[in-house]
Structure formats: C-alpha cells, structure tokens
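# Close look at the chain arrangement
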Amino acid sequence: MTDRRLTPANGRVAAMHLAGQVEAERYLEGWPAMVAVPVADLCAAPDGPRDRQLLLGAAVTVFEDLDGWSFVQGGDGYVGYVSSDRLATVTPPSHFVAAAATHAYAEEDFKSPDLHGLPFGARVTVLDERRKFFETNVGFVPKSHLRALDRPFSDPATVAQLHFGVPYLWGGNSTRGIDCSGLVAAALEACAIPCPADSDMQQADLGAPFEGAYQRGDLLFWRGHVGMMVDDTTLIHANAHHMATAYEPVERAILRIEAQGDGPVVARKRL
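Now for a description of the structure that goes with this document. (Residues numbered from 1 in each chain as written. Predicted model: local features only at pLDDT ≥ 70, side-chain atom pairs only at ≥ 80, totals over all residues. Heavy atoms only, no water.)

### So, the sheet that holds strand 17 (residues 146-148)
Across the sheet, three strands lie side by side as 13-10-17; this open sheet has antiparallel pairing. The two strands at the open ends of the sheet, each matched to only one other strand, are strand 13 (123-124) and strand 17. (Pairing = 2+ DSSP bridges. Helix = DSSP H or I, 4+ residues; strand = E, 2+ residues; numbered from the N terminus.)

Okay, structure coming up:
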C-alpha cells in the first residue's frame, strides 16, 4: 500500500515514475516552483485540512494547477495541495533566516516600511550586500539575521531551543506556530540533516536506537509525538499540554503523557 503523504498521485495526475504502479489519467514529470510567501499551508485536499507548512523559498515540484490549487511534492517528499497564488517561479535561494524571526524592509533602513515578516528557516536570495543589510529578492534583511545555506547550524538542539515559547499549531512548521514533528524537522533541516515531516516517519527514518543515559539531541517518540533532549534530564517539545514549545523534565513528561492516555515511550533514537 502507498502512503498518500509521500505519493504524488491524485487520480487525475501522477508522477511519471509511478506509471504502472498507480492509476491516473496523466503521468508527468512535473515542473519546478517555489513558495513565494513567508508561510504556506500544505493541505491534504484543496481547502484543507492542513497537513504541514512550507516556508518562503522552499522548492516544490508541481504536478497540477487546478481551480486555484496546485498539487505539489516538497523537497522532503511530502505531497499535498498549496494555494497556487502562494507559488512562483524558482529564484535559487542563497541564505536562510537564522534568527527566530526577522523583517524584510522596503529600504536599507529599519524605519522604512516592513514588507514581510519572515520566520526562522525562510529562504531568500541575496542580491547585494550593504553595511548592515542584505538586499534580497523580498526586501532588505538585517545581515545578522541571515545565514548562508552552505553554513548550516551544527547542533539541532540549539535550533530547537530557538523555538522556545513558539505557540503550538497542529501541522505548523514555523516560528509563527509549530507542532512536535515540525520542531524536529526545523532543527534537523537547519543543520543540513534530511528529516521527514511527520513523527511516525521520523521514528522510522532517523537515528539509531540506544539504551542508557540521555544525551543532548536524542529523540524520544511516543505514539504520535516526538521531543528532543537538551541535556540528560530535560526535554524540549512542541506540545498541546503547554500549547507551546516548552522545556519539561523528561521523567515528568513520560509520566504525564502516559497518564493522559497517550501511552509510553515507543522509541529512543540517537542521531
């Protein structure tokens, strides 16, 4: 059986490599596009519900543009529908937002109108370097808030901690709102570590099982939930109990999550 989250096929169209494997009216290679807004919902069907989110500059392959909705596959393999007006032709990005959030301004002046509010991880193309700002394809962004794509972070837990206090949002992937798997994906992708989008995929694909004491960066999985250790006793996770990305003593979290009916830890993985 195929996982619809990872299978670029909807009955009308399907990726060319799926010919003979799934039924569709047309098989095609698709065409490249990129996300042109700070945050775009990736939906299970046109008009929702939201499955995940894609950030500015994210590359997608489009297989269909119908009635204002594009059927796409993202760089992590996740498939869904994005409002077509959220996409544009590809401008290869060079930098990503490395602060919790920033603004793109109309001019090289922080008093000029702000054009966009950009979350951590949004990707932009630097066109020119000024004294305190980069001129980018979306406006002028403070130089200290951007990082070159070829200079990723080295510690996923540091990135996760940048998201402390971000409000919980089911299917969220940004510092505007994030869920448990979105937090892990943001942390790993900023370190150039490929990461699936949902916690069940992350449990299957990431790291190796371990026993013994926890270390910084270890991942703990429950049924439908994931968190990351920041030291040997403290977990950081985006969760609906706190409705935010929060720190929690790991043993307390284990007891609380099981007591609320979501079961025990089902896997411990070390990256």
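### Observations regarding the nonpolar core
Counting residues in each nonpolar core, the largest one holds 29 residues, and the members touching the most others are F153, V159, V184, L188 and M228. Counting only elements with at least two residues in this core, the list comes to helix 1 (156-162), helix 2 (180-189), strand 21 (219-222), strand 22 (225-229) and strand 23 (234-239). The dominant element in this core, judged by the number of residues it contributes, is helix 2, at seven residues. In this structure, L188 is in contact with P156, I193, C195, L206, M228 and L271, ignoring residues within four places of it in sequence. Counting residues in hydrophobic clusters, the runner-up holds 14 residues, among them A40, A58, V60 and L87. (Core = buried A, V, L, I, M, F, W, Y, C linked by side-chain atoms within 4.5 Å. Buried < 20%, exposed > 50% of the residue type's maximum accessible area, 1.4 Å probe, protein only. Contact = heavy atoms within 4.5 Å.)

### Notes on the sheet that holds strand 21
Overall, antiparallel pairing links the six strands, which are arranged 20-25-21-22-23-24 in an open sheet. Both outer strands of the open sheet, strand 20 (208-209) and strand 24 (244-249), are each paired with one neighbouring strand and no more. Across the sheet, helix 2 lies against strand 21, strand 22, strand 23 and strand 24, angled at about 40° from strand 22, the strand it touches most. Strands strand 21, strand 22, strand 23 and strand 24 of the sheet are contacted by helix 4 (residues 250-262), whose axis makes an angle of about 110° with strand 24. (Axes fitted to C-alpha atoms, helices over the stretch in contact; angles between N-to-C directions.)

### Description of helix 4
Spanning 13 residues, helix 4 covers only 15 Å between terminal C-alpha atoms, well under the ideal 18 Å at 1.5 Å per step. Burial in helix 4 covers these residues: V250, A253, I254, R256 and I257. Residues of helix 4 that are buried sit in contact with strand 21, strand 22, strand 23 and strand 24. (Expected span 1.5 Å × (residues − 1).)

### Looking at the layout of surface pockets
Roughly 760 Å³ of volume is contained in the largest pocket. Looking at the largest pocket, it is lined by 35 residues, and the ones nearest its centre are L55, A58, G121, R123 and E189. For the lining of the largest pocket, the elements supplying multiple residues, two or more each, are strand 5 (50-55), strand 6 (59-66) and helix 2. Tallied by class, the residues present in the lining of the largest pocket amount to 23 nonpolar, eight polar and four charged. (1 Å grid on protein atoms, 1.4 Å probe; cavity = no way out; pocket = protein on both sides within 12 Å on 5 of 7 lines; lining within 4 Å. Points joined across faces, edges and corners; volume = space filled by probe spheres on them. Nonpolar A, V, L, I, M, F, W, Y, C, P; charged D, E, K, R; others polar.)

### Some thoughts on the pattern of salt bridges
Per the counting criterion, the structure on display carries 16 salt bridges. A salt bridge links D3 to R5, with the shortest nitrogen-to-oxygen separation between them at 2.7 Å. Among the ionic contacts, a cluster of salt bridges with common partners joins D3, R5, R52, D179, D198 and D200. (Salt bridge = Lys/Arg side-chain N within 4 Å of Asp/Glu carboxyl O.)

### Section: the packing of aromatic side chains
As enumerated under the stated definition, the model contains seven aromatic pairs in all. Ring plane angle 45° and centroid distance 5.0 Å describe the contact between F71 and Y81, whose orientation is recorded as tilted. Here F71 is found in strand 7 (residues 69-74), whereas its partner Y81 is found in strand 8 (residues 79-83), with 10 residues between them in sequence. In this structure, F71 and Y81 share a single accessibility class: buried. In textbook terms, an aromatic cluster arises when at least three aromatic residues are bridged by ring pairs, as seen for F96, F120 and F153. The ring centre of F134 lies 5.8 Å from the NZ or CZ of K143, which sits over that ring. The lysine or arginine in question, R270, covers the ring of F210, its NZ or CZ lying 4.1 Å from the ring centre. (Phe/Tyr/Trp six-rings, centres within 6.5 Å; stacked < 30°, edge-to-face > 60°. Lys NZ or Arg CZ within 6 Å of the ring centre and 35° of its normal.)

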